[in-house]
Structures are given as C-alpha cells and as structure tokens.
Amino acid sequence: MSITNKITVKRAEIAVAVILALCSIALMIKSAENRITWNAEENMGAGFLPFYLSLGMLICTILTIIKFVLKRSPQSKDDTPFIDAVAFKFIAVTIISLVVLVLAIGYLGIYFSLIFFLAFYLRYFSEKSVAFITIFAITTPILTFLFFEWMLKIPLPQGISEPLFYPVYDFMYGGFSFAVKMIFIILTVVLPTALVFLTTRFIK
Amino acid sequence: METIGFLLDGIFTSLQWFNLALLIFGCLIGLFVGAMPGLGSVNGVAILIPITFIIPPTAAIIFLAAVYYGAMYGGAISSVMLGIPGASTAVATVFDGRPLAVKGEAMTALTAAAVGSFVGGTVSVILFTLFAPPLAEVALRFNAPETFALMVMAFATFVGLGGDDVPKTIFSILIGLALSTIGLDLITGKPRLIFFNIPGFLHGINFLVLAIGIYGIGEMLWTLEETKGKVQMSKLSVNMKEVGRAFGALKKTIMAMNIGSFLGFFVGILPAAGATPASLMSYGITKQLSKNSKEFGSGVPAGVVAPECANNSASTGSMLPMLTLGIPGSPTTAILLGGMILWGLTPGPLLFTQEPEFVWGLIGSLYIANFFTLVLNIALIPAFLMVLRIPFAILAPVIFVLCVTGGYAPTQSLHDVWLMLLFGFAGYILRKLDYPVAPAVLSIVLGPLAEKALRQSLILSDGSMGIFFDISEKPIAAVIMYIAIVLLIMPAFGPLYRRFFKKKQTA
C-alpha cells in the first residue's frame, strides 16, 4: 500500500483540523504578548483583536473536530485517498521546485534561477524538445527583465549575479540614441519572442 | 441629467488612447485568462495587480475591470470546447454548452455565450449607472458604526448564504482578519504578531501575498491535480456560417436573457455571492420557467445564454457595493478594492465626489469594454482555440513566474514570496477539504478597514458595543447589524427546518 493510499480524506481532515487548532492556540499565546484586555476606561489593548480572533478560530476548529467525531461532515466518512499517486507526483515536484526556485532567487538572483527552474520543469513535465525548452527557458527571463526593470522600473533580486547586469543598466540609462535602444529591443525582445512562437509551431 | 453628463465624461475618459489601449489589452488578457481552464477573473486580477502600480489609478482600474469583464466572456470558451469550465463562473455554461458542441453546434453555443454576455453586461451597466449615484449619496451619511455594521454584514452573508460548512467558513473569515492584524497596531503603535521576530512581519501581510498565493499558486496546484498536466481538446470544426444561424436561434432566448441580466445583477451585489452562484441560479430558474424545461441539459441555446448573461451581469453588480460602500461584492472585487487602497484611494462613497474621473472612467469603460469584448470574442475564436491547445505543463511554470515576480514586486522582499508560497500550499490543502478560501481574501482586505471603523465607533460610544444595536441612536447601523445577526444564525435553522418539513411530509 503506497503512502498516498494511506492518507485518506478522513485522516487529512482530522490532521488539518488539529494542526489548525494548534496554530490558533499559538496565535493566542503570541497575541497575549500585548495587552488583551479592553474596558470602558482603557482603550482596546493591541492584543485584544488578534487574541479573540484566534480564540474564534480555535472554537471553529474544535467544532470541526466535533463534527468529525460525530461523523457529521462529509469528510469524516470519506475513505478515498486524499490525493492519487499520479497527482501527488505533480504536486510534490511542483512544490519542491518552487521552494528551490525561491531559495535560489536569494542566492543566484531571479533571472538565472528562472532559467534553471523553467528548464527543469519543462523537461520533467512536458514532452517538448531540448531545443524548445532551451529557447523558452532563456527568453522568459529576458522578457521578465525587460518588463520589470525597463518598463516598470522595479528591480528584481539579482543575488550574486548582480555585477553581470551593470553593463545592461549602463546601456539602459546611458546616453544611447533611441535608434540604438530600439535595435537592442528588437534583438532581445522581438527576435526571441518570434523564435518562441516559431518553435512552438514547428519544433515539438 | 447630471448622471448623463458624468457618464459621457467617463466614456470620453475611457476613450483616451492610453486608457483605450489598456482596455482592449485588458479585454484580450481577460478573454485568455477566462478561456484557460483553471484561471478565472480572480486569478487574472490577483496576478496582474502588481504591474498596475506604475500607471494612474484610472487607467489601472479600467485595465483590471476589462480583465474581469473579459474573463466572464472567456470562461464560456473552454466550457463549450473542452467541457471543462474555464472558470468557476462558467460552470453552468457547461450544462448546455458542451452538449451543443458535441452535437457539432459549437459555434451556436459560443455565439449564444458571447451575445448573452453582451446583453447581461449592457443591462447591468445601465442598472449600475442608475443605482450607483443615489446609493453613494445615502452612503455618504455613513459614519464609522454604519461602515463597521456593513462589514459585519458582508462577513455574515458568507456564513448565511455561502452554503459551505459553517465552522470552516467562519474559520476562513477569522484567519483572514487575524492575518490582517499582523504588523504595527495603528492606534497604540505596538508591533503585533511578529513571528520569530522576523522584521518582514512589521509591515504586515499585504493582501496581495494572500491573494496571489491562493489564486495563483494554490489554483495552479489544484488545476495540475485535476488535469495531470494535460488538457485535451476535442476536435470541433469552426464554421463562420454558423454564426448567422446562431443569431437566429437567439430569438428564443429572450426570457433567459431577462432572467440572467436582472437576477445576475442583484445576486452580484450581495457580498458573498458573486458571479458563480448567480450563473447557477439563473440557469436553474430559467430551466424551471421554460416551457421546454426537459430539453435543458441536452443542448439548448437558452441554457447557455442564461448563465453567461448572469455572470457578466453579476460581475458588474459586484462593483456597485465596491464603489459606493467600499464593500466588495465578489472575491475579484475584493482584490480590486485592495488595489484601490494601494493606489492611494479610499474606497467608498467619497470617491464619487473626490475622484469623479476614476469612478466615471470605470463606469464608462464598462460600456466600451462590453462592446470590444463582444467583437474580440467572436472575431478571435480561432485564436482562442489555439491557446487552449497550449499544454498545461508549459502554462503552469509561466504562471508561477508571474506569481513569484508579482509577489516580490509590491514590497520588494523575498519574505513576501515565501509567505505567498506558504499561503498557496495551505490554500490548496484547505480547499481540498472544503474550507472556502474566498472569505479569507475578503477579510484580509477588509480587516484593517473594519478594525479602524470598530475602534472609531468605540471611541464615539465611550467603549460601549451598544452603539451598533441602538435603533434610536444609529438606526441604519442597528438595522444592518440585526440583518447580519439573522444571516449568521440562519444556517443553524436549516437542519431544524428540514427536520420539521420532513416530519410533515411523512405524517
């Protein structure tokens, strides 16, 4: 019996309810670091709202647990697997690769991390050719860069790869003529986009 | 008369080239987002909001409203062609749209959907124009107690009318509110709930982090599970000659259009409802009232028109309380409302007097967007069919890239990206166990506003909660509060009622 069969909807329901109850208690304790009292003389303490909101959350999770014990909720009677094995692989790989992506962003910077993320993800899940994946994985970060850094002027994290971008910034904000910048955009945006478009049509 | 002047100004605002370009672009994105299975208006708006920070608020709202609008049209495309609703708002469209497509009349279904959407959109925009100014005028007299009561009612509608498990719904509302209290307390200035002393929590949790997490990452995980990375489109021929024939078939759907447009609008106004229940209700009622109700489900155009009319109408309807009262009518408008706060506007009736260009620009743009989306929708059907062939395994990473960059951009901190991943994963698990997620998004947006209104009210009343229940002093607040209480206890009477009714039947 595989692990995905062991985790039934029933088990997931009660496990999640207990975890949420514990989280609610933790929130209550955390809220109590501030004053949680409130009466007519004093203003509302900073911890008052979070404390009673998390108390409410705790009551709701206890009700969910009671409904589970009394078998009143549909989940409490459901012995089917919470997730089937094929879908589990999809979800697990996706979540792990996203976590690795965000870890890598802090170190490598977003643009290079994206190349690796896209290359891995497409190679793993799609049946596209290496040529397609390479073009796709390189074009997407370039488009992201131009969109955020050039159009929106929002810098994205670059980690250790930051020095590599200095020449690009010099170019972007330097005194180059409009025509030079346009040629640059055509080379970096229009051409790759066209390439991706063509490859989606002709390369599998 | 004054309204017509404002409306014309608004239409001219939305026809300025920059706004018009964004509007058409928004409609296109909306159609695309709506057509993709797994993505709906709320996902599109949540993922795209970070990129609207650099454009003026009027242009931003016109763009996002067009996305919202386009998604309502686009949802029908995959409902008909794939038999999978493109968005939850188009679930009811599958019932008759899919059988029509299987019969080889896909074009009839798509045209009926587009025209239905257009009619619903137009009727609702006219209703909107008529209702908004007087409602805003009434709302101008609202103070903190009335505002707080309204927000309580918004939360209560989820419990009373949401139809989900009650403890789970209340949990979702409370966790959203609790998350919104993280950060500095505005009144005492004390830091609250700074977990593990991570400085990232000091600026609070931006609603966008939760919205992108749940509607971007969480939704993608959900769709990956459903589709296993593959979406197969059945082959269907697209014949433009059919468009003409389809228009002919629409004569019989006038009743469906009426029901969809009016019902959709009023259901859309309710905070918990939004476009999904509106379209389902509209389908059900049209079916019941129709002379040939038995044919519903086997592919009748009226069965496509009714839900499509209703979801467009409801999407406009849900903007009415957002603009006039500052209370969103649907998850998508909750995110738009959060966006308005980020753009530096104060949602609520004052917008009508302080930012007429914004309000009327939005209303005007709805008229224009409605027209453009109809034209684009019908003209680009072949293009959307191509889009639907994009494998999900390629689309998903692109959406993830948008989520990660969108989660980072507003505050420029990786802390928010981590939170977004966490919320996405938690949202996915909770949704699988039937915890409704929309109330959490609504309450994280409304949380800070509700807290401010509550504390101001309590200062007014010297700390007495009585201010919300005293009919003689604050009649409006009290009435709204009592309605909220009725809504809150309503689900408790459901089982009693059913038990009583059953006994009567057996007796």
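Residues numbered from 1 in each chain as written. Chains lettered and ligands numbered in written order. Predicted model: local features only at pLDDT ≥ 70, side-chain atom pairs only at ≥ 80, totals over all residues.

### Observations regarding the overall build of chain B
- For chain B, the helix and strand inventory stands at 22 helices and two strands.
- Taken over the C-alpha trace, chain B has a radius of gyration of 22 Å; the compact-globule value for 507 residues is 23 Å, and the two agree within 12%.
- Its C-alpha atoms put chain B at 70 × 60 × 55 Å along the principal axes.
- Counting over 507 residues, chain B shows a buried share of 62%.
- A separation threshold of at least 6 residues defines the contact pool for chain B, and within that pool the share at least 24 residues apart is 78%. (Helix = DSSP H or I, 4+ residues; strand = E, 2+ residues; numbered from the N terminus. Rg over C-alpha atoms; globule rule 2.2 N^0.38 Å. Buried ≥ 20, exposed ≤ 12 C-beta atoms within 10 Å, placed from the backbone. Contact = placed C-beta atoms within 7 Å.)

### Focus on helix H4 (residues 57–81) of chain B
Residue and element names in this part refer to chain B.
- Between its terminal C-alpha atoms H4 stretches 36 Å, which fits the 36 Å expected from 25 residues at 1.5 Å a residue.
- Residue Met-72 marks the point of greatest curvature in H4, where the axis turns by about 30°.
- Where burial is concerned, most of H4 is hidden: 25 out of the 25 residues are buried.
- Backbone geometry just downstream of H4 places Gly-83 in the positive-phi region, at approximately 75°. (Expected span 1.5 Å × (residues − 1). Bend = angle between axes of the 7 residues up to and from the residue.)

### A look at the environment of Leu-191 of chain A
All names here are of chain A.
- Looking at the element boundaries, Leu-191 is found in helix H8 (residues 178–202).
- By the C-beta count within 10 Å, which is 12 here, Leu-191 ends up exposed.
- Linking Leu-191 and Thr-139, residues 52 residues apart in sequence, is a C-alpha distance of 9.6 Å.

### Some words on the packing of H4 of chain B against helix H6 (residues 106–140) of chain B
Residue and element names in this part refer to chain B.
- Their axes nearest at 10 Å, the elements H4 and H6 cross at an angle of 160°. In terms of their interaxial angle, H4 and H6 are classed as roughly antiparallel. Once H4 is placed against H6, the crossing between them reads as right-handed. On H6, the residues that touch Tyr-69, Met-72, Tyr-73, Ala-76, Ile-77, Val-80 and Met-81 of H4 are Ala-106, Ala-109, Leu-110, Ala-113, Ala-114, Ser-117 and Gly-121.
- Classifying every residue of the contact of H4 with H6 by side-chain character gives 12 nonpolar, two polar and no charged. (Axes fitted to C-alpha atoms, helices over the stretch in contact; angles between N-to-C directions. Parallel < 35°, antiparallel > 145°, perpendicular 65-115°, else oblique. Left-handed = near helix turned anticlockwise from the far one by under 90°. Nonpolar A, V, L, I, M, F, W, Y, C, P; charged D, E, K, R; others polar.)

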